[in-house]
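Chain by chain, the residues run as shown.
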Amino acid sequence: MSAQALADKKAELRTPKMTDVEMMKEGSETKVLIAIDGCVFDLSSYVDKHPGGKAVLSRNSGKDMSDSFKRIGHSEKAKLQMAAFYVADLQETEEGKAMAEAKKQAVAAAFVPPPAVKRGLPPPI
């Protein structure tokens, strides 16, 4: 997204704030909210148009996806389009950090590879 396009959108909205806890709650219950580089974007109206598929946005709603957004290598056009979906600046809280860490640990605990994979051996046939 261009810096100017984002600045224009922020000025139009008077730079509202949203805590990470609010984003996690709203993003998982009613909207598709994604944070990228400290900005919250409401992608609810875009999920069906997303080239990577609806699922990738839906399952990551309420999360900070900055690293993934950069790693995927989105086009300049995609970055410019993001300004239209900006809704707020993200405010991190200790509660939000703890919630995000708890979710990460729960996901990690849910995936326990079979013993053969743990030792680097091929799985049994």
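See the structure above.
To start, this report covers the structure provided alongside it. (Residues numbered from 1 in each chain as written. Predicted model: local features only at pLDDT ≥ 70, side-chain atom pairs only at ≥ 80, totals over all residues. Heavy atoms only, no water.)

**Comments concerning the pattern of salt bridges**
Following the criterion strictly, the structure yields six salt bridges and no others. Note that Lys-79 and Glu-76 form a salt bridge whose closest N and O atoms lie 3.5 Å from each other. Of the two residues, Lys-79 and Glu-76 both sit in helix α5 (residues 76-82), three residues apart, roughly one turn of that helix. The exposure class assigned to Glu-76 is exposed, which follows from its relative accessible area of 55%. (Salt bridge = Lys/Arg side-chain N within 4 Å of Asp/Glu carboxyl O. Helix = DSSP H or I, 4+ residues; strand = E, 2+ residues; numbered from the N terminus. Buried < 20%, exposed > 50% of the residue type's maximum accessible area, 1.4 Å probe, protein only.)

**Observations regarding the packing of helix α2 (residues 20-29) against helix α6 (residues 94-110)**
Direction vectors running N to C along α2 and α6 enclose 45°, while the axes themselves pass 7 Å from each other. By the criterion of interaxial angle, the relationship of α2 to α6 is oblique. Taking contact as the criterion, the partners of Asp-20, Val-21 and Met-24 in α2 are, on α6, Glu-95, Gly-96, Lys-97, Met-99, Ala-100 and Lys-103. Residue composition of the contact of α2 with α6, by class: four nonpolar, one polar and four charged. (Axes fitted to C-alpha atoms, helices over the stretch in contact; angles between N-to-C directions. Parallel < 35°, antiparallel > 145°, perpendicular 65-115°, else oblique. Contact = heavy atoms within 4.5 Å. Nonpolar A, V, L, I, M, F, W, Y, C, P; charged D, E, K, R; others polar.)

**Topic: the side chain of Ser-61**
Residue position: Ser-61 is located in the loop between α3 (54-59) and β4 (63-64). Residue Ser-61 is classed as buried on the basis of its relative accessible area of 9%. Here the side chain of Ser-61 touches Leu-33 through a polar contact of 3.1 Å, landing on its backbone nitrogen. Sequence-distant contacts of Ser-61, defined by excluding residues within four places in its chain, comprise Gly-27, Ser-28, Lys-31, Val-32, Leu-33 and Ile-34. (Polar contact = N/O pair within 3.5 Å; in protein donor to acceptor, adjacent residues only side chain to side chain.)

**A few points about the nonpolar core**
Ile-36, Phe-41, Leu-43 and Leu-57 are the most contacted members of the largest nonpolar core, which has 15 residues in total. Of all the elements in the fold, those that place two or more residues in this core are β2 (33-36) and β3 (39-42). Counting residues in each nonpolar core, the second largest holds seven residues, with Met-18, Leu-33, Val-40 and Leu-90 among its members. (Core = buried A, V, L, I, M, F, W, Y, C linked by side-chain atoms within 4.5 Å.)

**Here's the deal with the pairing of β3**
Side chains of β3 alternate between two faces, with Cys-39 and Phe-41 and Val-40 and Asp-42 buried alike. Examined bridge by bridge, β2 and β3 share four bridges and lie antiparallel to one another. Among the inter-strand pairings, Ile-34 is bridged to a residue of β3, identified as Phe-41. Pairing of β3 with strand β5 (residues 86-91) involves three bridges; the strand directions are antiparallel. Bridge pairing links Cys-39 to Asp-89 in β5. (Pairing = 2+ DSSP bridges.)

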